Amino acid sequence: MKLSIVIAAYNVDKYIEQCLLSVLDQIDNNAEVIIINDGSYDNTKEIITYVNDKYSHKNIIIHNKINSGISDVRNIGASLSKGEYITFLDGDDIWSEEYYSSIMNVIEFKDYDLVEYNAFKFTKNKEKIDSYINIIGDYKGPLDNDKFNRLKVVFENSNWFAWARIYKKELITAIKFPVGRRFEDLCIMPLLYLKAKSIYSINKALIGYRQNEESITRNIKYSDIDDVHFALKKWFSEEELIYLNKDEKTLLSIASLRLSVYVKYLNQVINENDFSETKELRMIIKENLTLKSFLNSSSILLYLYMPKLLCLISKIRRKL
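First things first, this report covers the structure right here in the doc. Here the structure is a predicted model, which is why all the values come from computation and not from measurement.

### Some points on the pairing of strand 1 (residues 3–9)
Working step 1: The element strand 1 is extensively covered by neighbouring structure, given that 7 of its 7 residues are classed as buried.
Working step 2: A two-sided burial pattern is seen for strand 1, the buried positions comprising Leu 3, Ile 5, Ile 7 and Ala 9 on one face and Ser 4, Val 6 and Ala 8 on the other.
Working step 3: Examined bridge by bridge, strand 1 and strand 2 (residues 31–38) share 7 bridges and lie parallel to one another. By the bridge assignment, Ala 9 is partnered in strand 2 with Asn 37.
Working step 4: One crossover worth recording links strand 1 to the parallel strand 2 by way of helix 1 (residues 16–24), and it is right-handed.

Encoded structure:
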């Protein structure tokens with residue numbers, strides 16, 4: 001088995017059939033689909049059963065469980081997988097029509113730890129693309145000695161969607177998604193890039209990311225600040241174990257990559273009315289970044305010390 005596709009389904013009866021068909025209409029015997037129904041209480045389970053009956057000739061595994069969140073779903077899916085590579089998909093998203101052929105053209109003939117690709121946003125009609133999500137850097141092969149320069153672009157993008165990559169099984173299963181936390185991708189995606197020895201970038205939008213108003217990523221909560229705080233601290237500590245006793249140049253390169261991640265997620269959860277909610281997160285950033293890291297970023301001072309001005313600028317940009 002070359003590829004395992006772990007599909008998370010939770011109350012997505014409006015979208016799950018389209019999601020599953022976008023995958024099942026493409027795959028062959030080199031792939032398996034692991035559908036995990038995470039305690040849905042709408043008609044998701046019934047639709048999954050209907051699609052499974054229709055595509056009984058495909059390699060499909062269905063796992064029904066009580067609700068425990070996306071991290072647990074992905075951990076369970078990875079543990080059930082038989083593929084050499086693993087990828088993830090949310091039940092309201094879709095594959096592009098050239099997803100499988102593009103992926104298999106890479107992993108059938110080459111050996112990479114991680115393959116990345118871009119995505120497109122859509123609302124209802126997949127033929128009508130709202131915008132694109134830039135995920136990738138620009139590399140095709142071993143990272144070698146130029147690792148940090150080659151990772152710079154993808155860290156600056158800081159779009160850490162787990163579904164925007166496929167992973168060697170031994171790479172992704174070495175780290176668990178944090179159960180009970182949002183922003184779970186932030187906990188492990190940057191670390192996987194630091195662990196990876198070879199990466200392949202496909203400059204195509206292969207995933208359709210549905211703009212679903214009910215999605216958790218569209219409904220930011222106060223607790224998200226704590227979850228981002230948790231995620232940043234977790235991958236910071238894990239990363240230190242990997243790069244312990246490294247030279248100063250390497251550590252400065254890591255600090256620069258980390259800065260990109262901090263800034264992106266601080267901006268995402270900043271509260272426009274009560275900046276005390278981001279105070280602790282901003283303190284963590286100040287404590288963990290060196291003076292050189294601050295000087296290398298033209299925007300970090302604005303994020304950390306002048307959030308009200310940042311908010312004003314954002315409001316003006318949205319009205320233009």
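### A short note on unusual backbone geometry
In terms of backbone geometry, most residues other than glycine have negative phi values and most peptide bonds are trans.
Working step 1: At Asn 11, a position not held by glycine, the phi torsion is positive, near 50°.
Working step 2: Relative to the helices and strands, Asn 11 is located in the loop between strand 1 and helix 1.
Working step 3: The backbone of Ser 158 sits at a positive phi, close to 50°, despite the residue not being glycine.
Working step 4: Structurally, Ser 158 is set in the loop between helix 5 (147–157) and strand 9 (165–168).

### Quick look at the pattern of salt bridges
Working step 1: Within this structure, the stated rule accounts for 8 salt bridges.
Working step 2: Residues Lys 2 and Glu 84 are paired through a salt bridge, measuring 2.9 Å at the closest nitrogen-oxygen approach. Taken together, the residues span a long stretch of sequence, with Lys 2 in the segment before strand 1 and Glu 84 in the loop between helix 3 (70–80) and strand 4 (85–90) at a distance of 82 residues.

### Here we look at the packing of aromatic side chains
Where two aromatic rings form a pair, the distance of their centres and the angle of their planes describe that pair.
Working step 1: Applying the stated criterion across every chain, the model contains 14 aromatic pairs.
Working step 2: With 4.5 Å between their ring centres and 15° between their planes, Phe 161 and Trp 163 make a pair best called stacked.
Working step 3: Taking relative accessible area as the criterion, Trp 163 reaches 2% and is therefore assigned buried.
Working step 4: Here a set of aromatic residues connected by ring pairs shows up, and it is made of Trp 95, Tyr 99, Tyr 100 and Tyr 117.
Working step 5: Stacked on the ring of Phe 88, the Lys or Arg Arg 74 has its end atom at 5.7 Å from the ring centre.
Working step 6: Sitting over the face of the ring of Phe 177, Arg 74 holds its NZ or CZ atom 5.3 Å from the ring centroid.

Conventions adopted
Residues numbered from 1 in each chain as written. Predicted model: local features only at pLDDT ≥ 70, side-chain atom pairs only at ≥ 80, totals over all residues. Heavy atoms only, no water. Buried < 20%, exposed > 50% of the residue type's maximum accessible area, 1.4 Å probe, protein only. Helix = DSSP H or I, 4+ residues; strand = E, 2+ residues; numbered from the N terminus. Pairing = 2+ DSSP bridges. Right-handed = clockwise from strand over helix to strand, strands pointing away. Salt bridge = Lys/Arg side-chain N within 4 Å of Asp/Glu carboxyl O. Phe/Tyr/Trp six-rings, centres within 6.5 Å; stacked < 30°, edge-to-face > 60°. Lys NZ or Arg CZ within 6 Å of the ring centre and 35° of its normal.

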